[in-house]
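Structural overview for review
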Amino acid sequence: MTMMEITNREDERTALKQYLTRYHRSKKRQAILEQRLRQLRRDLHHPEAGEISEVEARIEKQAKRAERIILEIMDIIDLLPEESTERMILELRHIDCKPWSEIRKTVHLTRTPCFDHYNRALDFLLQTKEVQAALAKYRVFSSGKNADF
C-alpha cells in the first residue's frame with residue numbers, strides 16, 4: 001500500500017468517525033431542545049407570556065432534525081453484522097458514547113485488538129455505497145458554516 005493510499009484511507013476513516021460522532025451531538029442537542037420547549041411551555045402559564053406557537057414549531061423542527069441524524073447513523077451501523085464484535089464496538093463508542101477503557105472491558109479485548117476491530121468496522125462501512133453517499137452529502141454540508149446540522 002502506498003503512502004498516498006494509507007493517507008486517503010485514514011482521511012476516509014476520520015470523515016466517517018466525524019459523521020458517526022454526530023449521533024452523540026444530536027442526542028445532546030435534542031435534550032437541550034426538549035428542555036427549552038418545556039421551559040417555554042412553563043413560561044406560557046405566566047400572564048405576561050405571549051403566543052409561542054411559532055417558537056414551539058421551530059424548536060420541534062430542530063428536534064426532528066436531530067432525530068433524523070440519529071436515525072441516519074443507526075442505519076449506517078445497521079450495515080454491520082448484528083452479532084459482530086465490530087458492530088458492538090461501534091455501538092458502544094458512537095451510540096452509547098463509552099470511553100475506550102470501558103469498551104475494552106465490555107468486549108474483553110486489549111487496546112490493539114479493540115482498535116483493529118474498530119478500524120475493520122470503519123473499513124467495511126467505507127466500502128458500502130450507502131456510507132459513501134452519506135459521507136459525500138455530509139462533506140458538502142460540512143463545508144458550509146454549520147457542520148453539525
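As the structure is a prediction and not an experimental result, all values here were calculated from the model.

What the protein contains, in helices and strands, is six helices and zero strands. The helix and strand sequence of the protein, counted from the amino end, reads α-α-α-α-α-α. The burial tally for the protein puts 33% of its 149 residues in the buried class. The long-range share in the protein, meaning contacts at least 24 apart out of those at least 6 apart in sequence, stands at 64%. Element-wise, carbon and sulfur atoms account for 54% of the exposed surface of the protein, whose accessible area totals about 9,700 Å².

A word on the confidence of the model for the protein. Per-residue confidence for the protein averages 85 on the pLDDT scale, and 87% of its residues sit at or above 70. For the protein, per-element mean pLDDT is lowest for helix H1 (residues 3–44), which scores 82, and highest for helix H4 (residues 100–107), which scores 97.

Turning our attention to the packing of aromatic side chains. In this structure the tally under the stated criterion is three aromatic pairs. Both rings, one in Tyr19 and one in Tyr138, keep their centres 5.6 Å apart while their planes meet at 85°; by these two values the pair is edge-to-face. Of this pair, Tyr19 sits in helix H1 while Tyr138 is found in helix H6 (residues 129–142), placing the two residues 119 residues apart along the sequence. Where Trp100 meets Tyr118, the ring centres are 4.9 Å apart and the plane angle is 80°; that geometry is what we call edge-to-face. Here Trp100 is found in helix H4, whereas its partner Tyr118 is found in helix H5 (residues 111–126), with 18 residues between them in sequence. Comparing Trp100 with Tyr118 shows no difference in burial state: the two are buried.

To continue, consider the pattern of salt bridges. With the rule as written, the count across this model stands at nine salt bridges. A salt bridge links Arg22 to Glu72, with the shortest nitrogen-to-oxygen separation between them at 3.7 Å. You can see Arg22 sitting in helix H1 and its partner Glu72 sitting in helix H2 (residues 53–77), a full 50 residues away along the chain. Taking relative accessible area as the criterion, Arg22 reaches 8% and is therefore assigned buried. For Arg120, the salt bridge identified is with Glu86, shortest N-O distance 3.0 Å. Here the residue Arg120 occupies a position in helix H5, and Glu86 occupies one in helix H3 (residues 85–95), the gap between them amounting to 34 residues. Of the residues examined, Arg120 reaches a relative accessible area of 44% and is grouped as partly exposed. Three or more residues joined by partner-sharing salt bridges are found here, namely Glu10, Arg13 and Asp123.

Rules used in this analysis
Residues numbered from 1 in each chain as written. Predicted model: local features only at pLDDT ≥ 70, side-chain atom pairs only at ≥ 80, totals over all residues. Heavy atoms only, no water. Helix = DSSP H or I, 4+ residues; strand = E, 2+ residues; numbered from the N terminus. Buried < 20%, exposed > 50% of the residue type's maximum accessible area, 1.4 Å probe, protein only. Contact = heavy atoms within 4.5 Å. Areas by Shrake-Rupley, 256 points an atom, 1.4 Å probe, with all protein chains shown as cover. pLDDT = per-residue confidence, 0-100. Phe/Tyr/Trp six-rings, centres within 6.5 Å; stacked < 30°, edge-to-face > 60°. Salt bridge = Lys/Arg side-chain N within 4 Å of Asp/Glu carboxyl O.

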